[in-house]
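The lines below spell out each chain.
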Amino acid sequence: MLTDNQIEAFEFLMKKANVEYGQTYKIECDLFNGSFIIEKKKKEICVDYKNKNDEWETYILTEFEDDRILNLLFYHSNNISLSFWVPNKGQRYYYIDQEINNNEYYIKESIWMGLKDKALFLTGNLFKTYEDARKNMNKVIEVYERNIGGYIEPLVYLNKK
């Protein structure tokens, strides 16, 4: 188990590396190549990562001496990037929708099932939590409203010759 000071130091490194609890990240460097998620559970910091067989495993940070996770955050933070979250079939997600009668935007909850869900993902309008949708609402509205009143082009044009 980690001390409060160790957790505070680890969180300082996370902040420097722009890493937050519960988000999926990718890293590519000589020490590690793959995805990872950092979670805090009581006095433990758990790192879920994909092994060589592309299966998720959990590593529990127990001490600071000679630790590979600290090494990744401290020396390889420029190789860390946020991964896109894609729900599994039947999993809940949130997106920004628009009221037909008064054109007001609101956050709607849905379940990942098929084509409509993939279209929301491809336009960046798919969020894991209500809070994530709320934080990104203005960005989604800006994207959707930038062509109002003018010519709108599809993201993918299938009839090109």
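Above: the structure in question.
Here is what the cut-offs are and how they apply
Residues numbered from 1 in each chain as written. Predicted model: local features only at pLDDT ≥ 70, side-chain atom pairs only at ≥ 80, totals over all residues. Heavy atoms only, no water. Helix = DSSP H or I, 4+ residues; strand = E, 2+ residues; numbered from the N terminus. Buried < 20%, exposed > 50% of the residue type's maximum accessible area, 1.4 Å probe, protein only. Contact = heavy atoms within 4.5 Å. Areas by Shrake-Rupley, 256 points an atom, 1.4 Å probe, with all protein chains shown as cover. Expected span 1.5 Å × (residues − 1). Arc of directions from axis to C-beta. Pairing = 2+ DSSP bridges. Salt bridge = Lys/Arg side-chain N within 4 Å of Asp/Glu carboxyl O. Core = buried A, V, L, I, M, F, W, Y, C linked by side-chain atoms within 4.5 Å.

Trainee: Mind showing me how you'd approach the overall build of the protein chain here?
Mentor: Check the secondary structure of the protein chain and you find 4 helices and 7 strands. Start at the N end of the protein chain and walk to the C end: the helices and strands fall as α-β-β-β-β-α-β-β-β-α-α. Residue burial in the protein chain is summarised as follows: out of 161 residues, 32% are buried. Put simply, of all contacts in the protein chain between residues at least 6 apart along the chain, 44% involve residues at least 24 apart. For the protein chain, the accessible surface area stands at approximately 12000 Å², while carbon and sulfur atoms represent 49% of it.

Trainee: Sorry, what's going on with helix α1 (residues 4-16) here?
Mentor: Since there are 3.6 residues in each turn of an α-helix, residues three or four apart along the chain are aligned in direction. Its 13 residues place the ends of α1 18 Å apart at the C-alpha level, agreeing with the 18 Å of an ideal helix rising 1.5 Å per residue. By the burial criterion, the buried members of α1 are Ile 7, Phe 10, Leu 13 and Met 14. Projected onto a plane normal to the axis of α1, the buried residues spread over an arc of 120° and lie on a single side. For α1, the exposed residues lying more than 90 degrees away from the buried face are Asn 5, Glu 8, Phe 12, Lys 15 and Lys 16. Remark: Asn 18 follows α1 within two positions and exhibits a positive phi of approximately 55°.

Trainee: Any chance you could explain the pairing of strand β2 (residues 33-41) here in plain terms?
Mentor: Remember that side chains alternate between the two faces of the sheet whenever the strand is regular. Note that strand β1 (residues 24-28) and β2 share 5 bridges and pair antiparallel. Looking across to β2, one finds that Thr 24 is bridged to Ile 37. Across 6 bridges, the pairing between β2 and strand β3 (residues 44-50) is antiparallel. Looking at β3, one finds that Ile 38 is bridged to Val 47.

Trainee: Please clarify how the pattern of salt bridges should be interpreted in this entry.
Mentor: Working definition: two side chains of opposite charge can pair if their charged atoms are close together. For the structure shown, the criterion picks out 3 salt bridges. The salt bridge partner of Glu 11 is Lys 40, with a shortest N-O separation of 3.3 Å. You can see Glu 11 sitting in helix α1 and its partner Lys 40 sitting in strand β2, a full 29 residues away along the chain. One salt bridge in this structure joins Glu 109 and Arg 92, with 2.9 Å as the shortest N-O distance. In this pair, Glu 109 is assigned in strand β7 (residues 105-111) and Arg 92 in strand β6 (residues 92-98), connecting sequence segments 17 residues apart. Residue classification places Arg 92 among the partly exposed positions, given a relative accessible area of 45%.

Trainee: What am I meant to see in the nonpolar core here?
Mentor: Generally speaking, nonpolar side chains in soluble globular proteins are found buried as a group. Phe 10, Val 19, Phe 36, Ile 38, Leu 73 and Ile 80 are the most contacted members of the largest nonpolar core, which totals 22 residues. Of all the secondary-structure elements, those providing two or more residues to this core are α1, β1, β2, β3 and α2 (68-75). The next biggest cluster of nonpolar side chains, apart from the first, holds 9 residues, and it includes Tyr 94, Ile 96, Ala 133 and Met 137.

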